[in-house]
Amino acid sequence: MGNNKKYWKGLADLNNDPDFIKSAQNEFAEELPINFLGKDSRAEGSTPRRDFLKFLGFSVTAASLAACETPVRKVIPYVIKPEDITPGIPNWYATSYYDGHDYASILVKNRDGRPIKIEGNKNSTVTRGGTSARVQAAVLSLYDSARISGPIAKGSPSSWSTADKDIAAGLASGGNIRLLTSTIISPSSMKAIQEFTAKYPTAKHVVYDAISYSGMLDANKASFGKRVIPTYNFEKASIIVSLGADFLANWISPIEHAAQYAVTRKLGAGKKDMSRHIQIETNLTVTGSNADLRIPAKPSEIGQAAVSLLAAVGGGVSAKSLPFDDKLKTVAKELLENKGKAIVVCGSNDVNVQILVNSINQALGSYGTTINIDKPNYLKQGNDADVVALVNEMKSGNVQTLIMHQVNPSYTLPAALGFDEALKKVKLKVSFADRADETASQCDYICPDHHILESWGDAMPVEGSYSLIQPVIFPLFNTRSAEESLLKWSGNDTDYQSYVKKNWQDGIFAQKGAGSSFNDFWSKCLFDGVIDTDGKAVAASVAPVAAEVNADSKKTESSAADASIAAAPAPVANAQDLNAVASNIPKAGNGYELSLYEKTGLGNGVQANNPWLQELPDPISKVTWDNYITMNPRDMREKGYNLMERADRNATLVDVTANGITLALPVYPSPGQAIGTIGIALGYGRTKAGKAANEVGQNVYPITSVVNNTFSYVSSAALSDAKGEFLIAATQTHHTMMGRTVVHETTLDAYQKDAKAGNHTEKFKLQLGQHHTEHTATELDLWATEKYPGHDKPIHFWGMAIDLNACIGCGACVISCNAENNVPVVGKAEVAMARDMHWIRIDRYFSSDADPKEGSHEGKNYTEMENPSDYPQVVFQPVMCMHCNHAPCETVCPVAATMHSSDGLNQMAYNRCVGTRYCANNCPYKVRRFNWFKYSDNAEFDFNMNDDLGKMVLNPDVVVRSRGVMEKCSMCVQRIQEGKLNAKKDGRKIVDGEIQTACAQACPTNAITFGDYNDKESQLSKLNEDERMYHLLEEINTQPSVLYLTKVRNAEETATDGVAAASKQHA
Amino acid sequence: MEVHDSKLREPLILGDKSLHDITEDVCRPIESKPNRMWWIAFIISACGLLWWIISDSYTIGTGLGRWGLNKTVGWAWDITNFVWWVGIGHAGTLISAILLLFRQKWRLSINRAAEAMTIFAVICAATFIISHMGRPWLVYWPIPLPNQFGSLWVNFNSPLVWDVFAISTYFSVSLVFWYSGLIPDFAAVRDRATTKGRKFWYGLLSFGWVGSAKNWQRFEEVSLVLAGVSTPLVLSVHTIVSMDFATSVIPGWHTTIFPPYFVAGAIFSGFAMVQTLLIITRKVLSLEDYITIYHIDMMNRVILITGSIVGIAYITEFFIAWYSGVEYESYAFLNRMTGPYWWAYWSMMTCNVITPQLFWSSKIRTSLAATFIISIFVNIGMWFERFVIIVTSLHRDYLPSSWTMYSPTWVEVGIFIGSIGLFFTLFLLFAKFFPVIAFSELKTIVKSNNLLQKRGGQHHE
Amino acid sequence: MSKLIFGIFSDEDVLLHNIRPLKQNGVKITNVYTPYPVHGLDKVLGLKRTRISICAFIYGITGMCLALLMMWYMMISDWPMDVGGKPNFSFYKNLPAFIPVTFESTVLCTAHGMVITFFLRSKILPGVTAFVPDKRMTDDKFVVQVELTDLSKEAEVTAMLMQHGATEVKEYGK
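1. Digging into the overall build of chain A
Stage number 1. The helix and strand inventory of chain A stands at 34 helices and 44 strands.
Stage number 2. Every one of the 1067 residues in chain A was classed for burial, and the buried ones make up 62%.
Stage number 3. Look at the contacts in chain A between residues 6 or more apart in sequence, and 73% of them connect residues 24 or more apart.
Stage number 4. A total of about 39,800 Å² of accessible surface is found on chain A, and carbon and sulfur atoms cover 56% of it.

In structure tokens:
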């Protein structure tokens, strides 16, 4: 029986209720209770209360949701991502830096298309991976908002086409064309210039260095028939005598010299001997402060010193007597003992003095050993005589067109020459300057050149050492490389990139490129950044030297060609002439002898608008944001000027008059300055450089004069009485060590006898019942923490070593740190409040006559100790966060914003910091820096962080600290992290030296070593075992992760007394 | 029997006051309009308060850079003022707690005002804790609260966290102590109130107190226990404040003598401030009969003793600095005497060590004018003490390269002067609206006191 | 049906000496209001000793334990950190650093716990309307509150109060 069961839904179904049947056809048997938004009521056009509430509720929620939405942030807006850029991953490009003054082969870190950091290129045989403060800062100069954004014609923005048209017309109209450039070290540029001069026969190329080495060049011309500067190899010298040459910080090729010098100064397990360095100078320079024996001398005496030395080494000249003859005798003796291992350099720009120095080196057999005249250094080629001639030509109205490249003559030329008037007489004035500077603003056309980081090019700083320049960013503005402009005007339309490429293909590739396609060769060169051609330029066609010099080198080609490195160079003028030469040495005038010098920060002033450099403390004076008169405190006492003792920041303002020019400048006490002399730094007092540079300090270039056909940076000067006060912003206002062993020091003899000399750590007695034991502070530990989990450093234990023998105090590390860690610029006013933000500082201490002598037990006179000697010994000590393992700062932080990482870093969590500053107070090293204000986007601090362009330099890996938080050296934790991740990706251990902190990387002398204590093979671990190793303030048992190596001087202990004696003779 | 053994005692209240007189005298200022002197004082203080508001908002609005601090001297006037105010606060608690434990009846006329002073002083101190922070809006972070950073806790090793606990405990406990004492007096004011407003407000403030036997029994027990816990508390507070310095490594701070030395100094400055205040108050509110020369004398003795203790502490510090033979330590103290801040050190010495010694003479001790002047001197001296400890220790610490000088800006000065304005504004309001003498408790001694006076009278016949 | 009458005294000694006799005479004294603490009054009234100090002690112990527990949890257990090389990984070695906070917390809990208890037990709270039989009782009068269980005895009790030193006798609100 089939299943015919009937399931009825309720009675209505059972007895087929008609309504039920009807409704059963609908999907829903009953009216659904849908009344959302009041279906029925809407029909009646009225909104009942509950519906109103529904609307209300909905709209309120909607509104509030809309409010919650976060504002849209733009990320890198790539439509098509360039395959070589990965957001967050830096690209490195090898290129070269050259601004007409400083050269360095560099690597540029490029993040998301922005160059943010410059580092040295280890492949370079010239700069050896070193950098200087100025080179480090160049990356910020790229983002200088004072740069002009395109060609300017007659003071108003114009276009390249019009500029080209007008200038070409002007050139075609005949008349004398003069091309005034800085030294050109680029073969390609030189080729372009030659093309230009070939196109316009009336054109002449004049080379001008703001800080001139003309005297030296002329001297070499006289001595060797070559107007070139030789290469100096300090590495080979066991005795270095410098007559006022600041070769570690400024002279010719400082980075190169510093690297060589450091090799001879470093000591260690294998190496127990070091070079002896004697400095005879006027102003206390970076180089002089590193000398083992420093003889202060007036500029006029330096020339005479050269004569005396020459006489003493058998040069057959008659010397006048000098206050410090006795010392010169010993110097000469030492020189003669080291024939062939000696090197004598001289900073004078007087041809006669340089000729004498040449003969001294000749007599010592330095040529071919420590000095190589056949391997010229092309960094300085200026010819002062030509420049003077040019100005006269201009005055007489014989110059139709003047084109200027990398020069700023109306700022840098002696006032006496009257360049500005002469310039008015020139019909067509063209400048390639990147800003409307003092000269460019007077030109008819400014055809802005690229910044070096935007341009193509090449360089040959030293014969046979080539390096390439490639752009690391698309030009920020509508600029064009100067060479391209020149080529265009001489009718050659090739773009400069292919011009350079072509040039290399014909030249270097032809010689070096054997067995590879040019493209491979080219990309390899681009990758390495440098290439050496066995110590000789490949072909005269690309020797980056001015035509005249070119001719010379051609002339001496034959002699040079067969002259191997060791061969005796061209004969020197004979003794008879030398006496004549000696008699032409500039004599001292009356009054103070003024010696103008170059500062490590600003150099010749080309980068003056770079706030990093303005705020870089001068290595010696520690002053920022100003130039001033340096004067020996003893002289100041006589003149009754303020000695600025006890952290007094108000200097006496006086009028200094020299060569008929009077300037109002503050007098800053500068121990070590030769008695009866004063010094003033060049490069300041810019008027049209930009907001950071304008009206900072005084321009002293006008004081320079022409003596013996060269620019002279010395003259006699008169000082007025006090004219008022002037606020000086120095980062260090106390100058002596107060008899504390902050810097451990010893002499070479002592060190050779006992490697721990001057570094015997204090022992503390511990009386336990009857027997007492002796321990170092580190051994005495309340908790023996290392035993506890969390305190041991299981994987890494980062640390740093600083070799006080290698540190020359140049300050490259400071700028490098600024760039890497977004350290803000705070300006003069804040620095004067002792609120500089630098994470690493270089403490500079002078010795004091009152310093307790070793072994003596007489009571200390602290008040006396506050005053440095008139001629003190100087020590430099870089200090950054010590990353103490018993950090006083960590303990006192109420919110645990600073604590220790498991790999030994003292960490700072900015966003946890509430800013009690307790940590800074409790830091014995005072390395913590507080954000007193909001230093970014704050009109009160109108530097690069308040400037959209300037902000592009910021490192995206490091946060910009907000107002009210503490900050300090992080040991470049972002780099450590990057290194760890790279190693992790490759599944390997971190290789020692793979991670470099910014300071360590920048150091031209490798004084700073970063590494891992847990890696027993690491450089750091080895240094940790060195007998010279010590910790700063070890006795308070902070157990720092940064260690120092005792400073060793190659001098008798009596060096200071000797200097003191010299000072007495002066008095 | 109290009558007999109190033969030799000075009367604590002058004039034959009945219980009612006392109520009348103490409530008069509350019930009558303030007199001219009050208004003058109030307007001056209010101006100070205004300056305080301006300077503080300027600092918090633009940044701590408005102050004269620098990379080496991270604390100066801010913490100096903080410690100074906290120290002043101590006298109040000391009078009400320790003297209660010692059954010193003479405290009764002054403890109310002194406790009020404590509370206002601690408020002033607290303002400096907040304003000295780089990011004052995060002032609650040093309190161990669960937070959005995955419960990142505070660091209990830090003396600043100890401070947070000490100061907050000290403030709240003093407040409670003070208020529980006020309740019966409020009740009295309430019951005599004639106006609606006063009825309502004092009714509210008095928590419905009726003074039944059981209430009084509990009341006295509570006061006793509060006194018992407040005594170690008040000692602990300045001990902990001193640990801010004592636990650090800075030469001149790192000193084990600090806790007792700071506590003595606190009591010293506190009593001086009480003198300053009461000598004015008794005049302005004409309470000469209650706050008598005897009270002044008694407090001067305390000042003399604590002053001498402080003096000994100074000398001990120097001895230890020399005896330890620690380079940095000995220089730190030499620098105090002969360094650039010698003037601060010597003003401290003069004000704190020499001036109080004048109190050996009872003539000076019982002279209002002299007491007032000396009390001001002591206040100044104790301010300098903190300045010397903080600034002269910091400005020349370990590495000479970082040595600097410090000088204040108008903003800092403004905040300090302003805080005094804040303090006096609060105190004047207290003097106007609160019973400045704990008269309910004072009444307990009236009977014996009056008998004593009568006998004294008989003697003279 | 009972009612309250109040004997007003104006001298504490008189009060103290007459409470006992009154009680012996069967006057039911339910409370005494005084302007200030009259010592010995609780004895003659036979009030029990208050246990508020015992509470205080317990609060104190609690505060101490809470503080130690908190610091152990926060510093040692929940998130131990290497802070200045201090032994933050062992409670007892780090204990010295915990003493100050422990002490403060003890005091805090003692004081506040006790005062709050006092307020609650004695019904002293903001907004409580006071029971004031005589306005002078917070000034200079001592008010003895007597409960009459037998209204007929009113005159007798009043007389007794007067004879035992009361200056006047009144009913509430009159």
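2. Some thoughts on the pattern of salt bridges
Pairing is possible between side chains that carry opposite charge, provided their charged atoms lie close to one another.
Stage number 1. What the rule picks out here adds up to 66 salt bridges over all chains.
Stage number 2. Taking the shortest distance from any N to any O, the salt bridge between Lys117 of chain A and Glu119 of chain A comes out at 3.9 Å.
Stage number 3. Classification of Lys117 of chain A by relative accessible area gives buried; the value is 1%.
Stage number 4. Using a relative accessible area of 5% as the deciding quantity, one classes Glu119 of chain A as buried.
Stage number 5. In this structure, the salt-bridge partner of Glu866 of chain A is Arg396 of chain B, at a minimum N-O distance of 2.8 Å. Taken together, the residues Glu866 of chain A in the loop between helix H28 (862–865) and strand S36 (874–879) and Arg396 of chain B in the loop between helix H14 (368–394) and helix H15 (410–433) connect one chain to another.
Stage number 6. Judged by relative accessible area, which is 3%, Arg396 of chain B ranks as buried.
Stage number 7. By sharing partners, the salt bridges in this structure join Lys117, Glu119, Glu820 and Arg975 of chain A into a single network.

3. A short note on the interface of chain A and chain C
Stage number 1. Across the contact, 15 residues belong to chain A and 11 residues belong to chain C.
Stage number 2. Both faces combined, the contact of chain A with chain C buries some 1,200 Å², and carbon together with sulfur accounts for 64% of it.
Stage number 3. Where chain A touches chain C, the interface holds zero salt bridges.
Stage number 4. Applying the counting rule to chain A against chain C returns three residue pairs in polar contact (both at pLDDT 80 or more).
Stage number 5. Among the elements of the structure, helix H29 (888–892) and strand S37 (898–900) of chain A are those that each provide at least two residues to the side of chain A that touches chain C.
Stage number 6. Grouping the constituent residues of the side of chain A that touches chain C by class yields six nonpolar, seven polar and two charged.

4. Details of the environment of Met882 of chain A
Residue and element names in this part refer to chain A.
Stage number 1. Structurally, Met882 can be placed in the loop between S36 and H29.
Stage number 2. Judged by its relative accessible area of 1%, Met882 falls in the buried class.
Stage number 3. As for Met882 and Gly418, which are separated by 464 residues in sequence, their C-alpha atoms are 54 Å apart.
Stage number 4. For Met882, the contacting residues outside a window of four places in its chain are Tyr925, Leu1032, Pro1040, Ser1041, Val1042 and Tyr1044.

5. Thoughts on the interface of chain A and chain B
Stage number 1. Each partner contributes residues to the interface: chain A has 58 residues there, and chain B has 63 residues.
Stage number 2. Interface area for chain A against chain B, summed over the two sides, is near 5,000 Å², with a carbon-plus-sulfur share of 54%.
Stage number 3. One can count five salt bridges joining chain A with chain B.
Stage number 4. Measuring nitrogen to oxygen at the nearest pair gives 3.0 Å for the salt bridge that ties Asp78 of chain B to Arg917 of chain A.
Stage number 5. Taken together, the connections running from chain A to chain B amount to 43 residue pairs in polar contact (both at pLDDT 80 or more).
Stage number 6. Contributing elements (two or more residues each) for the side of chain A that touches chain B: strand S35 (841–846), H29, helix H30 (918–921) and strand S39 (929–930) of chain A.

6. A closer look at the nonpolar core
The nonpolar side chains of a soluble globular protein tend to be buried, and buried together.
Stage number 1. The biggest cluster of nonpolar side chains holds 311 residues, and the ones touching the most others in it are Tyr925 of chain A, Trp85 and Phe156 of chain B together with Leu41 of chain C.
Stage number 2. At 18 residues, helix H6 (residues 159–192) of chain B tops the list of elements feeding residues into this core.
Stage number 3. What Tyr925 of chain A contacts, discounting residues up to four positions off in sequence, is Arg841, Val879, Met882, Cys884, Leu1032, Leu1033, Thr1038 and Pro1040 of chain A together with Leu399 and Ser402 of chain B.

7. Remarks on the sheet that holds strand S42 (residues 1029–1030) of chain A
All names here are of chain A.
Stage number 1. Taken together, the four strands give an open sheet; going across it, the order is S41-S34-S43-S42, and neighbouring strands pair in mixed fashion. Strands at the two margins of the open sheet, each flanked by one partner only, are strand S41 (1008–1012) and S42.
Stage number 2. One ladder, built from five bridges, connects strand S34 (residues 798–803) with S41; its direction is antiparallel. For Ile802, the partnering residue across the bridge sits in S41 and is Ile1008.

Thresholds applied
- Residues numbered from 1 in each chain as written.
- Chains lettered and ligands numbered in written order.
- Predicted model: local features only at pLDDT ≥ 70, side-chain atom pairs only at ≥ 80, totals over all residues.
- Heavy atoms only, no water.
- Helix = DSSP H or I, 4+ residues; strand = E, 2+ residues; numbered from the N terminus.
- Buried < 20%, exposed > 50% of the residue type's maximum accessible area, 1.4 Å probe, protein only.
- Contact = heavy atoms within 4.5 Å.
- Areas by Shrake-Rupley, 256 points an atom, 1.4 Å probe, with all protein chains shown as cover.
- Salt bridge = Lys/Arg side-chain N within 4 Å of Asp/Glu carboxyl O.
- Buried area = accessible area lost by both parts, 1.4 Å probe.
- Polar contact = N/O pair within 3.5 Å; in protein donor to acceptor, adjacent residues only side chain to side chain.
- Nonpolar A, V, L, I, M, F, W, Y, C, P; charged D, E, K, R; others polar.
- Core = buried A, V, L, I, M, F, W, Y, C linked by side-chain atoms within 4.5 Å.
- Pairing = 2+ DSSP bridges.

Coordinates in, geometry out; function isn't part of it.
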